[in-house]
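# Descriptive structure summary
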Amino acid sequence: MPQFTYKAKDNSGQLVSGTLEAESPANVITRLQAMGYFPVSVQDSKSSAAVASASQGRQKRVKINDMASFNRQLADLLSSGIPLVKALSVLQNQTPNPTLRQIIQQVTQDVSGGDSLAGAMSRHPKVFNKLFIAMVKAGEAGGLLDQVLQRLADFSENEAETRSKVKSALAYPIVMVLAGAGAIMVLLTVVMPKIMKIYEDLDQQLPATTVILISVSKFLQSYWYMVIGSIVALVFILMRMKNTKEGRRAIDTFILKIPILGPMIIKKEIANFARTLGSLLHNGVSILPALDITHGVLNNQIVADEVARIPENVTQGEGVAAPLRNSKVFPPIVVNMMAIGEETGRLDNVLSKVAKSFDTEVDRDVKTLTSLLEPLIILFMGLVVGFIVISMLLPIFSIDPGA
């Protein structure tokens, strides 16, 4: 007979836990109630151990495409009139990602044990973030869970599409950089040493460019491990900096100053801010919790710092738009639209329009950036390779035939 782990409250409100053998979670709940307990959660011991073991060991990452598919399918099942537990069971059987399948199994058991869907999902914060939980909780309270899940699916699909566009746009430039860097290393470490033997036989002064090239080649041959070590150390330092608030702020400040890329990131963050806050407000989440959740989904620390100032002003009755009027990140048109939305009581709709507008601009900027990157990379690599080749051949061309 299966064994279940339970958590319940006694008559005094104290939380108690233990295990019971029963045929189903419903039987466990019945027995707990007969014992005078109020059930909080009931979980299958084997599946709980499996989930815990999976979470402690290596797991297959739950990709954003997996979440988009889960949200869309669950919304479709619920809108078709299928009960929540049955819908979760159906998704559990057809989800290809093993990690997500285990989590859905745990969520199904928690919901079967009397927990809410938001409460069950909140136990898996690495998969269901604050935004997800808040919107699901609001959807359950308002009886609009299927519509909320549709919006979450739109969120996930939009984010997945944006990431896909960026990856596909950067794939060719990255390949070009790697191929060019490989060609340069071969020229400096393989070809150049062989040509240097020819230079040794030439009884003449070498051009300055050739001397520089020889010095670089000798350095790479003798201290290649220092070059690799420096690159690894730089990556390590940047990763450590990114894990601290001050370091992340410094990195994000530098990134925002890069032409084209910086403005594009700001637009993307504004779109995330507007979409998240607008959706939370539309689904009935109050302004302060909505701002807290929105602050958590922003990736750039500079933009996040601007948003962090809003709650204090809201508590003082100034609204959302007022603290952003002197912002160096949010453009005046966005602030003015938000102010109008607050005055008309349609802030959620205004934010949704802002998100769509800035998403369109981000797509345009990505195309512009990639269209500029490709010729610039080709030009740079051409100049470097051309310099190396000319510097290698220049001493040979300068040989006096009559000597």
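The structure we're discussing is the one just above.
What comes next is a walk through the structure. Note that the structure is predicted; figures quoted are calculated from it, not measured. (Residues numbered from 1 in each chain as written. Predicted model: local features only at pLDDT ≥ 70, side-chain atom pairs only at ≥ 80, totals over all residues. Heavy atoms only, no water.)

Tallying secondary structure elements over the chain gives 16 helices and three strands in all. Against the 2.2 N^0.38 benchmark of 22 Å for 403 residues, the chain shows a C-alpha radius of gyration of 30 Å, more extended than a compact globule. When its C-alpha atoms are laid out on the principal axes, the chain stretches across 110 × 60 × 40 Å. Each of the 403 residues in the chain was classed as buried or not, and the buried ones make up 40%. Here the chain has roughly 22600 Å² of accessible surface; of this, 60% comes from carbon and sulfur atoms. Charged side chains in the chain number 39 positive and 34 negative. The centres of these two groups are separated by 2 Å. (Helix = DSSP H or I, 4+ residues; strand = E, 2+ residues; numbered from the N terminus. Rg over C-alpha atoms; globule rule 2.2 N^0.38 Å. Buried < 20%, exposed > 50% of the residue type's maximum accessible area, 1.4 Å probe, protein only. Areas by Shrake-Rupley, 256 points an atom, 1.4 Å probe, with all protein chains shown as cover. Lys, Arg positive; Asp, Glu negative; His and termini not counted. Charge placed at Lys NZ, Arg CZ, Asp CG, Glu CD.)

Here we take up the packing of aromatic side chains. All told, the structure shown has six aromatic pairs when counted by the stated rule. Where F219 meets Y223, the ring centres are 5.3 Å apart and the plane angle is 40°; that geometry is what we call tilted. With a gap of four residues between them, F219 and Y223 both fall in helix α9 (residues 208-242), about one helical turn apart. Among the residues examined, F219 registers a relative accessible area of 40% and is labelled partly exposed. The exposure class of Y223 is partly exposed, given its relative accessible area of 38%. Aromatic rings pair up to connect F219, Y223, W224 and Y225 into one cluster. (Phe/Tyr/Trp six-rings, centres within 6.5 Å; stacked < 30°, edge-to-face > 60°.)

A few words now on the environment of V303. By the secondary structure assignment, V303 is in helix α13 (residues 301-308). Taking C-alpha positions, V303 is 41 Å from S112, a pair spaced 191 residues apart along the chain. In this structure, V303 is in contact with E269, L298, V329 and F330, ignoring residues within four places of it in sequence. (Contact = heavy atoms within 4.5 Å.)

Most of α13 is tucked away, with six of its eight residues classed as buried. The set of residues buried in α13 consists of Q301, I302, V303, A304, E306 and V307. Those residues of α13 hidden inside the fold are in contact with α10 (245-256), α11 (261-282), α12 (287-297) and α14 (310-315). At the N-terminal boundary of α13, the capping side chain belongs to N300, with an oxygen 3.0 Å from the backbone nitrogen of I302. (Polar contact = N/O pair within 3.5 Å; in protein donor to acceptor, adjacent residues only side chain to side chain.)

At I260, a position not held by glycine, the phi torsion is positive, near 70°. Within the secondary structure, I260 sits in the loop between α10 and α11.

This part takes up the side chain of D110. With respect to the helices, strands and loops of the structure, D110 is situated in helix α5 (residues 98-112). Its relative accessible area of 0% is what places D110 among the buried residues. Once residues within four sequence positions are removed from consideration, D110 is found in contact with V42, Q43, D115, A120 and R123.

Right, let's get into a nonpolar patch on the surface. On the surface, a nonpolar cluster with roughly 590 Å² of combined accessible area is contributed by I198, V389, I390, L393, L394, I396 and F397. Turning to its location among the elements, L394 is positioned in helix α16 (residues 347-397). (Patch = residues over 30% accessible without salt bridge, like charges linked within 9 Å, V, L, I, M, F, W, Y side chains within 5 Å. Salt bridge = Lys/Arg side-chain N within 4 Å of Asp/Glu carboxyl O.)

Looking only at helix α1 (residues 25-34), the buried set comprises P25, V28, I29 and L32. Angular distribution of buried residues about the axis of α1 spans 100°; they occupy a single face of the element. Phi for G36, located one or two positions after α1, is positive at around 90°. (Arc of directions from axis to C-beta.)

On to the nonpolar core, then. F70, F128 and F330 are the most contacted members of the largest nonpolar core, which totals 67 residues. The contacts of F70, once residues within four sequence positions are left out, are L88, L91, L100, I104, M121, F128 and F132. In terms of nonpolar packing, the next biggest core, distinct from the first, is built from 15 residues, L220, I377, M381 and I388 among them. (Core = buried A, V, L, I, M, F, W, Y, C linked by side-chain atoms within 4.5 Å.)

Glancing now at the side chain of D115. Among the structural elements, D115 can be located in the loop between α5 and α6 (117-121). Overall, the relative accessible area of 17% leaves D115 in the buried class. Polar contacts involving the side chain of D115 include one to the side chain of R123, which spans 2.6 Å.

Our next topic: the pattern of salt bridges. The full count for this structure, using the stated rule, is 10 salt bridges. One salt bridge in this structure joins E157 and R72, with 2.7 Å as the shortest N-O distance. With E157 in helix α8 (residues 145-201) and R72 in helix α3 (residues 64-79), this pair connects stretches of sequence that are 85 residues apart. Among the residues examined, E157 registers a relative accessible area of 34% and is labelled partly exposed. Residue classification places R72 among the partly exposed residues on the basis of a relative accessible area of 21%. R249 is the partner of D305 in a salt bridge, and the nearest nitrogen-oxygen pair spans 2.8 Å. In this pair, D305 is assigned in helix α13 and R249 in helix α10, connecting sequence segments 56 residues apart. Beyond isolated ion pairs, a larger network of salt bridges with shared partners links R72, D154 and E157.

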